[in-house]
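Here is what each chain is made of, one letter per residue.
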Amino acid sequence: QVQLVDTGGGLVQAGGSLRLSCAASGRTFNINAMGWFRQAPGKERDIVAAITWSGGSTHYADSVKGRFTISRDNAKNTVYLQMNSLKPEDTAVYYCATQRNYGLGTTVSDYDYWGQGTQDTVSS
């Protein structure tokens, strides 16, 4: 099993920045990729960004390209999501997740373990 703790959410004004962190523990050698998803009230959980554990490949949702950056620190078993130029429509609960299979998954079903989620609210 892999345990994930995601932190860093909060309230910020539009145009501001937030940095999310997700620390993994347990059977981390099984991790091939990590992703950040978000879910707004009444909506499905969608991919925001993902990165292979080697760091060689990344994926971003079109809505966050150029504003968000995903990175990882293998020594700390931690993945980060730097979110800049935030918009009210970025308001959601953000979840980190790990993928065991090879490749870079972009859907919920590709991921095996999930963090508890962190609320990010962007005010206009």
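Not measured: the values here are computed from a predicted model. (Residues numbered from 1 in each chain as written. Predicted model: local features only at pLDDT ≥ 70, side-chain atom pairs only at ≥ 80, totals over all residues. Heavy atoms only, no water.)

Turning to the nonpolar core, a few remarks are in order. Core analysis: the biggest nonpolar cluster contains 27 residues, and W36, V48, F68, I70, L81, M83 and Y94 have the highest contact counts within it. Where this core is concerned, the elements lending two or more residues are β1 (2-7), β3 (18-26), β4 (33-39), β5 (46-52), β7 (68-73), β8 (78-83) and β9 (92-99). The biggest single contributor to this core is β3, with four residues. Here M83 is in contact with G16, S17, L18, L20, R67, F68, Y94 and D120, once residues within four sequence places are set aside. By size, the runner-up hydrophobic cluster in this structure holds five residues, among which are F37, A50, A97 and Y111. (Core = buried A, V, L, I, M, F, W, Y, C linked by side-chain atoms within 4.5 Å. Buried < 20%, exposed > 50% of the residue type's maximum accessible area, 1.4 Å probe, protein only. Helix = DSSP H or I, 4+ residues; strand = E, 2+ residues; numbered from the N terminus. Contact = heavy atoms within 4.5 Å.)

Next up on the list: the layout of surface pockets. Counted as a void, the largest pocket has a volume near 160 Å³. Secondary structure elements with two or more residues in the lining of the largest pocket: β4 and β5. In the lining of the largest pocket, the residues fall into four nonpolar, three polar and five charged. (1 Å grid on protein atoms, 1.4 Å probe; cavity = no way out; pocket = protein on both sides within 12 Å on 5 of 7 lines; lining within 4 Å. Points joined across faces, edges and corners; volume = space filled by probe spheres on them. Nonpolar A, V, L, I, M, F, W, Y, C, P; charged D, E, K, R; others polar.)

Turning our attention to unusual backbone geometry. The backbone phi angle of N77 is positive, close to 50°, even though this residue is not glycine. Backbone geometry at S85 places phi at a positive 50°, although glycine is not the residue there. On the secondary structure map, S85 appears in the loop between β8 and β9. Accessibility expressed as a relative area gives 41% for S85, which makes it partly exposed.

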